[in-house]
Amino acid sequence: MQKLRRTMLYVPGNNPGMIRDAHIYGADSIMIDLEDSVSLYEKDAARLLVYQALKTFDFGGIEVLVRVNPLNTPYGRDDFEAIVRAQPTAIRLPKTETADDVIEADELITEIEQKIGMEHGTIKLFAAVESGKGALNAAQIAVASKRLIGIAIGAEDFVTDLKTTRSPEGIELLTARSLILFAARAAGIAAVDTVYSDVNNEEGFASEVKLIKQLGFDGKSIINPRQIEIVNRIYTPTEAEIKKSKRIIEASLEAEAKGSGVISLDGKMIDRPIVERARRILDLAEAAKINVE
Amino acid sequence: MLNGAGREIPLAIEGLDGITPFDRKSTYGQFKNTERLKDRQQNPAKNKIMDSMEKAIEATGLRNGMTISFHHHFRNGDFILNMVMDQIAKMGIRDLVLAASSLTDIHAPLVEHVRNGVIRRIETSGLRGELAQAYSYGWFDIPVTINSHGGRARAIASGECPIDVAFLGAPSCDAYGNANGTSSVNEAPSACGSLGYAMVDAQYARNVVIITDNLVSYPNTPFAIPETQVDYVVVVDRIGDQKGIVSGATRYTKNPKELLIAKNAADVIEASGYFVDGFSLQTGSGGAALATTRFLREKMLAANIKASFALGGITQQIVDLHEEGLIEKLLDVQSFDLRAVESLRKNKFHQQISAEYYASPENIGCAAHQLDVVVLSALEIDLNFNVNVITGSDGVIRGASGGHCDTAAGAAVSIIVAPLIRGRMPAILDRVNTIITPGHTVDVLVTDQGIAVNPLRQDLLAGFKAAKLPVFTIEELQEKATRIVGKPEPIQWEDKIVGVIKYRDGSVIDVIRQVKQGR
């Protein structure tokens, strides 16, 4: 089953209790933040805390990312030095604008990996695009490193860069979302949407999740565990979808067993994209703990 | 002989004892009273109203060494207890046993009354704040006795805890003592809803004084306490502050961890085998317990299941389910919020019940024994499933026994909800500091990181496993927590016993010792 990234839960890197509990809510990934949620006065303490937490806590096998400070700030390099050693799944790069940003991070990680005798490529990268320039360069960013497992959009900085604000419909994000999504798909990596900050507006949140699901995003960054269930619910396929997907997969297996390149179901031809979509639907169903057997 | 009605009546009839001929001069009030309307209202010569608290206390004959009682329906907004105690102290009466149904922060002035000898000892269900600290730090000679709600009712009804005078605040009362926690004729300013704990005191105390700030016309119906049980009525300006009496509304928690625990608890109920049409439930007023109701609602709607009754402290959430038709009847021993108070007034199947009806173990059909599912919280639980809800992790008293052990024993499934780690403390210990509820009556522990089933309940375990719930042994859950926060240092105690915990049958299940200070 492909790694699902329906929900990537933000956790402030300066809150030990929240880091400790982050894995219990059922998010597909958690992202511990050393950047915007940590004040300049707490950068050192948070870095140390996150390092120790990663070394100590059992996150129950959930994918853990750490958002570091950009390398052009006084904190970025130290963050890499500490976090690579603590070995999360990936480092999330904020404010990525060019392929060079990714390459620089890749090289730094390689250097640290070598220094400590860690296997090359252990630490993955996840890039976040948060500006017009970044969105335009998304295609290059997405293929800049083999470490890159996904690309995300960070809307708050992005709309500021665009000199606008966020609207409920998200029209101002449409182009950037599409560019990032295309880039991710072209590179074969994940595409994750931005956070929705009004945690009490469940209806608005659900409507945005439906939109990004329809656009094709793998999932969404979220800031409160209460949002997890809403995302998962929307991403959970319907019974009819599951049934149909099962039949498609069965038909494809049958065709494969027969050595036939042509798959047919109910008298209709089934082509490869349909099989792929069916597979994703079954993956999502399984993640939602629906018995597809 | 010729009786008062002019009939020949024998003075003795074989087989019948105690023949008393009718006497028209009998003074039991049978004379036609043409002024009755006035009498029913506020005629001092006829009604039970006393001019002052002092006169009421005098009239009860209260003297040194007696036992007095109060209820806690006004919670932290209670003006009655301190008011009465100050008056008693002023009158020089001493050496009393105070048998309140529960005590809280607002009752801090009791510290002085115990110190000065006005109160010799206290029996209660719970205590908090300064008074609790005073006990925990060993200031007083005689330990506080902690009863469960059912245990207190049993002790009073059985005569084990005889109450000489009960001082009971009532948000509405008429001149003859019909008293209630709400009013059907006006907006009672101190409305508290059910008077379930006071009802026991009224029934069994030798003298009953109702104190009210809302004298209403006779007869005050519906009533929790009938005039037949009331000796005196005192009218005062205010009996309580509604801000402290009810919290306005017990809102659903937004705390994601409590929501997660609640969801797990609802899953446990669904898979317990008791989630069938007509089941009964009790949930507390804590965040996770309240939220359990919400998740349960979705399951009830999905499965078309209705509950026959909900018991205990009634909350807005329970009232909502009742009004939605998902819970047929409410048995209310204490109303936790304004919605519950209002519901008691307007919903005909919202019934107030006494603590004895609620949970007395000697009342074989008590409502707690009819419960299918109860969701209870815990400060600590141990590997034997014993639960502590009275002493904090520092050993200081800060809670109440309440109906915890009563409902755990009575319900077919007792579910304890607790975060696996609270702050920096694990919720599961090798041994709880104080046992309120014995482990053999606790069936399931639900935490944010999994559930544990009491090995005595293999029947439940099978169902939970089939439902793919995250089942662990309690040792495994403890290990999960201690891996992160370690094992807490044991609390250091002095030898002195400062609290005696009684189980619902009156037996002593544990003691609380003085907390060692200055470590």
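Residues numbered from 1 in each chain as written. Chains lettered and ligands numbered in written order. Predicted model: local features only at pLDDT ≥ 70, side-chain atom pairs only at ≥ 80, totals over all residues. Heavy atoms only, no water.

## Focus on the pattern of salt bridges
Residues and elements named next belong to chain A.
So, step 1. Tallied over the full model, the rule gives 55 salt bridges over all chains.
So, step 2. With a shortest N-O distance of 3.1 Å, Asp106 and Arg147 are connected by a salt bridge. Of the two residues, Asp106 is situated in helix α4 (residues 99–116) and Arg147 in the loop between α6 (138–142) and β6 (148–153); the sequence distance between them amounts to 41 residues.
So, step 3. Through salt bridges with shared partners, a single ionic network connects Asp33, Glu35, Asp36, Arg67, Lys95 and Asp157. (Salt bridge = Lys/Arg side-chain N within 4 Å of Asp/Glu carboxyl O. Helix = DSSP H or I, 4+ residues; strand = E, 2+ residues; numbered from the N terminus.)

## Overview of the sheet that holds strand β12 (residues 279–283) of chain B
All names here are of chain B.
So, step 1. Judged by pairing direction, the sheet is mixed, and its nine strands sit side by side in the order β15-β14-β13-β12-β16-β20-β24-β25-β26 without closing on themselves. The open sheet has two free edges, formed respectively by β15 (350–352) and β26 (471–472), since each of these has just one partner strand.
So, step 2. In the sheet, strand β20 (residues 413–417) pairs with strand β24 (residues 444–447) via three bridges, with the strands oriented parallel. By the bridge assignment for β24, Ile416 is matched with Leu445. (Pairing = 2+ DSSP bridges.)

## Focus: the UniProt feature "binding site: Mg(2+)" (unreviewed entry) in chain A
Residue and element names in this part refer to chain A.
So, step 1. UniProt records the feature "binding site: Mg(2+)" (unreviewed entry) at Glu130 and Asp157, using the numbering of this structure. A maximum C-alpha distance of 5.4 Å among these annotated residues, which run over 28 residues, shows that they cluster at one spot.
So, step 2. By the secondary structure assignment, Glu130 is in the loop between β5 (124–129) and α5 (132–136).
So, step 3. The class of Glu130 is buried, set by a relative accessible area of 6%.
So, step 4. The contacts of Glu130, once residues within four sequence positions are left out, are Pro94, Lys95, Thr96, Gly154, Asp157, Phe158 and Asp161.
So, step 5. A polar contact of 2.8 Å, which involves the side chain of Glu130, links it to the backbone nitrogen of Lys95.
So, step 6. Within the secondary structure, Asp157 sits in helix α7 (residues 155–161). (UniProt positions renumbered as here; feature names shortened; annotations may be inferred. Buried < 20%, exposed > 50% of the residue type's maximum accessible area, 1.4 Å probe, protein only. Contact = heavy atoms within 4.5 Å. Polar contact = N/O pair within 3.5 Å; in protein donor to acceptor, adjacent residues only side chain to side chain.)

## Some thoughts on the interface of chain A and chain B
Size of an interface: often given as the accessible area lost when the parts come together.
So, step 1. Between chain A and chain B, the contact holds eleven residues from the first and twelve residues from the second.
So, step 2. Buried surface at the junction of chain A and chain B, summed over both partners, amounts to about 1,100 Å²; 57% is from carbon and sulfur atoms.
So, step 3. For chain A, the biggest contributors to the area lost against chain B are Arg20, Ile24 and Arg226 of chain A; these three give 46% of the whole.
So, step 4. Inspection of the region where chain A meets chain B yields two salt bridges. (Buried area = accessible area lost by both parts, 1.4 Å probe.)

## A look at the domain arrangement of chain A
So, step 1. For chain A, the assigned domains are domain 1 (7–235) and domain 2 (239–288).
So, step 2. Using only C-alpha atoms to locate each centre, domain 1 of chain A and domain 2 of chain A end up separated by 33 Å. (Domains from an automatic or database assignment.)

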